[in-house]
Amino acid sequence: MEKTGQRLKLLKEKYAELTIISSTLSVLNWDEQVMMPHKSASYRAKMIGYLSGLIHRKILELNEKNLLESLNALLDKFNADDQANIKECNRLYQRTKNVPQELVEKISEITSEAHMVWMKAREENDYSLFEPILERIVDLKIEEANYIGYKKSPYDAMLDDFERDITSDELTVIFNKLKDFLIPFLAKIKNSQVKINRLEGNFSISKQQLFNRMLAEKIGFDFKAGRLDSSAHPFTDGFNPKDVRITTRYDRNDLFQSVMSTIHETGHALYEQGLPEKFYGTPRGEAVSFGIHESQSLMWEKRIGRSLPFWQHFYPILQKNFPKALQDISPEEFYNKVNIVEPSLIRTDADEVTYCLHIILRFELEKDLIEQKIRVCDLPRLWNEKFEKYLGIMVPNDTQGVLQDIHWSSGGFGYFPSYALGNLYSAQISNSLRKDISNIDDLIKSGNLAPILGWLKENIFQYGKLYTPKVLLKKVTGSELDPGFFFDYLTEKYSAIYKLNA
Ligand code: CO
């Protein structure tokens, strides 16, 4: 056993190196998006490309001298934490071992170039600029999936990078249920007599900044272990539990833009700040998956941050900051404005009801693309057709259609579904949270959010990667993934707002 103990120690040392390189990459990424002068882009791409290649080599080293294989053979000799560590190292290694280093570098190079091409195509509303490079990315990603291996579809190999153990077949079943519910539900809302107007006004950015900072702190963000900055696209990067960076974006005429993004990213950040420090540097100390991560941001942004009790507490403070724009709006009216349902072209502006339809459309297209059932040149036409079918609006141009997201230019196929999964997970987890903390609305209304954070720490954060997403969900909620929780949540909330039963 002593020898085995030595081997485990060696594996952990190797993984700790990986953690250091990944955190360094995160710092570079944060700096690029928040601080870096634009002209430095190609230099930064080289730094990032080099470190990505280094990560690839370090993953292969996890099995140096059959280290992983020998530990795997003795898996049941270890405690649950180390079993999870060994399994996750093995998973990473298996995903990586057959992929040639040259292919990894090629993908990194092309996607870095594609980012610029995509931005130009989007700016000029010209899909034909983006099409050739996207074709190359799709080919390379399929080649990569073939090296990684899969049971049924190359798309499954990509999905697995974001959400372990879920297949495209399972997703198709879940997403079809979602469509069957959401499309008629949206029609009901459209036919409602209740019409809600958008919030209008001029909201000073410096005042928005102060309010957002207060909000993040009240929700539980530790500013001694993190920062809040602004960037073109809001994001969260956790370098370690004691340094978690979040960003938001500001628009003078759209208060919700920065406020909702801040709540969303704070939700991600609380997860990162709440990961168990004693396991830092091992998989056990990391967030479990993209889908669960998204569930934590949506828990705060949607389930709590778009609830009436939340704004009963925070609205009076907001009103004091913006007396002119908000003087004639009551907390209840404001709550309705936060929750307007209106099909729109841009995913990131979508409301709770239409959001998943944006995702399903992308999932269906990218899955067919990777399975080579459709071609890159078909995307704009199919996008527009599906968009009209699911959301009932015509897409006027590709900039507001197929060119709007960054994901495909970065080769991130399989990423989108985690956004929809996050919605389903968060509704299901929220149901359990509400059972455990029965006076939750009173607590929220009084601004006491600490018990919610405590519950999430205890039920989600502390486990890191100990369980797979499926096992964790079952453990926290007592049931398998069930979109019914999301449907119940939407029905109850929006029937009241839009008086659907009247
Ligand atoms: Co998110």
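Residues numbered from 1 in each chain as written. Predicted model: local features only at pLDDT ≥ 70, side-chain atom pairs only at ≥ 80, totals over all residues. Heavy atoms only, no water.

### Some details on empty space enclosed by the protein
A water-sized probe, rolled over the atoms, reveals where empty space remains. The line we're drawing: Here a cavity means grid points, on a 1 Å grid over the protein atoms only, where a 1.4 Å probe fits yet cannot get out; a pocket means an open set of points with protein on both sides within 12 Å along at least five of seven lines; lining residues are those with an atom within 4 Å of a point. Grid points are joined across faces, edges and corners, and a volume is the space filled by probe spheres set on the points. For this classification, the nonpolar set comprises Ala, Val, Leu, Ile, Met, Phe, Trp, Tyr, Cys and Pro, the charged set comprises Asp, Glu, Lys and Arg, and every other residue, Gly included, is treated as polar.
Under the criterion given, the structure shown has one cavity of 30 Å³ or more. Roughly 50 Å³ of volume is contained in the largest cavity. What lines the largest cavity is simply Trp118, Phe130, Trp383, Val402, Asp405, His407, Trp408 and Phe416. Considered class by class, the residues forming the lining of the largest cavity number six nonpolar, one polar and one charged.

### Section: the packing of aromatic side chains
Formally: A pair of Phe, Tyr and Trp rings is counted when the ring centres sit within 6.5 Å of each other, with Trp represented by its six-membered ring. The angle between the planes then sorts it: under 30 degrees is stacked, over 60 is edge-to-face, the rest tilted. Strands are runs of DSSP state E lasting at least 2 residues, helices are runs of H or I lasting at least 4, and numbering of each runs from the N terminus. Type-normalised accessible area, obtained with a 1.4 Å probe on protein chains alone, sets the label of each residue: buried when under 20%, exposed when over 50%, and partly exposed for intermediate values.
Using the criterion set out here, one finds 22 aromatic pairs in the structure. Taking 4.7 Å as the distance between ring centres and 45° as the angle between the ring planes, the aromatic pair formed by Phe310 and Phe314 counts as tilted. On the criterion of helical spacing, the pair formed by Phe310 and Phe314 is a turn pair, its members being four residues apart in helix 12 (residues 308-321). Using a relative accessible area of 0% as the deciding quantity, one classes Phe314 as buried.

### What to know about the environment of Gly454
Structurally, the position occupied by Gly454 is in helix 19 (residues 450-459). Taking relative accessible area as the criterion, Gly454 reaches 33% and is therefore assigned partly exposed. Separated by 234 residues in the primary sequence, Gly454 and Gly220 have C-alpha atoms spaced 9.9 Å apart.

### Section: the pattern of salt bridges
Rules: Take a side-chain nitrogen of Lys or Arg and a carboxyl oxygen of Asp or Glu: if they are within 4 Å of each other, that pair is a salt bridge.
All told, the structure shown has 36 salt bridges when counted by the stated rule. Taking the shortest distance from any N to any O, the salt bridge between Arg381 and Asp378 comes out at 3.8 Å. By relative accessible area, Arg381 is classed as partly exposed at 47%. A salt bridge links Arg434 to Asp441; the nearest nitrogen and oxygen atoms lie 3.1 Å apart. Bridged by salt links that share partners, the residues Glu88, Arg91, Arg95, Asp160, Asp161 and Arg164 form one connected network.

### Some thoughts on the coordination of the cobalt ion
In an ideal octahedron of six donors the angles at the metal are 90 or 180 degrees, and in an ideal tetrahedron of four donors they are 109.5 degrees. Stated precisely, the cut-off is as follows: The donor definition counts N, O and S atoms within 2.8 Å of each metal and applies 3.2 Å to Na, K and Ca; water is not among these atoms, so some sites may look incomplete.
Those protein atoms acting as donors to the cobalt ion are His264 (NE2), His268 (NE2) and Glu294 (OE), and they sit at 2.1 to 2.2 Å. Mapped onto the sequence, the residues coordinating the cobalt ion show the spacing H-x3-H-x25-E. In this pair, His264 and His268 are both assigned in helix 10 (residues 255-273), four residues apart and thus about one turn of the helix distant. Grouping residues by exposure puts His264 and His268 together as buried.

### Some remarks on the sheet that holds strand 3 (residues 243-248)
To keep it simple, the criterion reads: Between any two strands, at least two bridges found by DSSP are needed for them to pair. To define axes, lines are fitted to C-alpha atoms, for helices over the stretch in contact only, and angles between the resulting N-to-C directions are given on a 0 to 180 degree scale. Here a residue-residue contact requires only that any non-hydrogen atoms of the pair lie within 4.5 Å.
A sheet is described by the order of its strands in space; here three strands give the open sequence 1-3-2, paired in mixed fashion. Each edge of the open sheet is held by one strand with a lone partner, namely strand 1 (226-230) and strand 2 (236-240). Averaged over all adjacent pairs, the angle separating strand axes in this sheet is 15°, with direction ignored. Looking at chain direction, strand 2 and strand 3 are connected through four bridges and run antiparallel. Opposite Gly238, over in strand 3, you have Val244 as the bridge partner. Each of strand 1, strand 2 and strand 3 touches helix 10; the most contacted strand, strand 3, lies at about 165° to it.

### Let's talk about the side chain of His56
When you line up the elements, His56 lands in helix 2 (residues 41-61). If we ignore the near neighbours within four places in the chain, the residues touching His56 are Thr96, Val99, Pro100, Gln101 and Val104.

### Quick look at the layout of surface pockets
Counted as a void, the second largest pocket has a volume near 630 Å³. Lining the second largest pocket we find 27 residues, and of these Arg91, Asp160, Arg164, Asp165 and Ile166 sit closest to its centre. Within the residue set of the lining of the second largest pocket, elements represented by two or more residues are helix 4 (80-96) and helix 7 (154-162). Top element by residues in the lining of the second largest pocket is helix 4. It accounts for nine residues.

That's the geometry; what it means functionally is another story.
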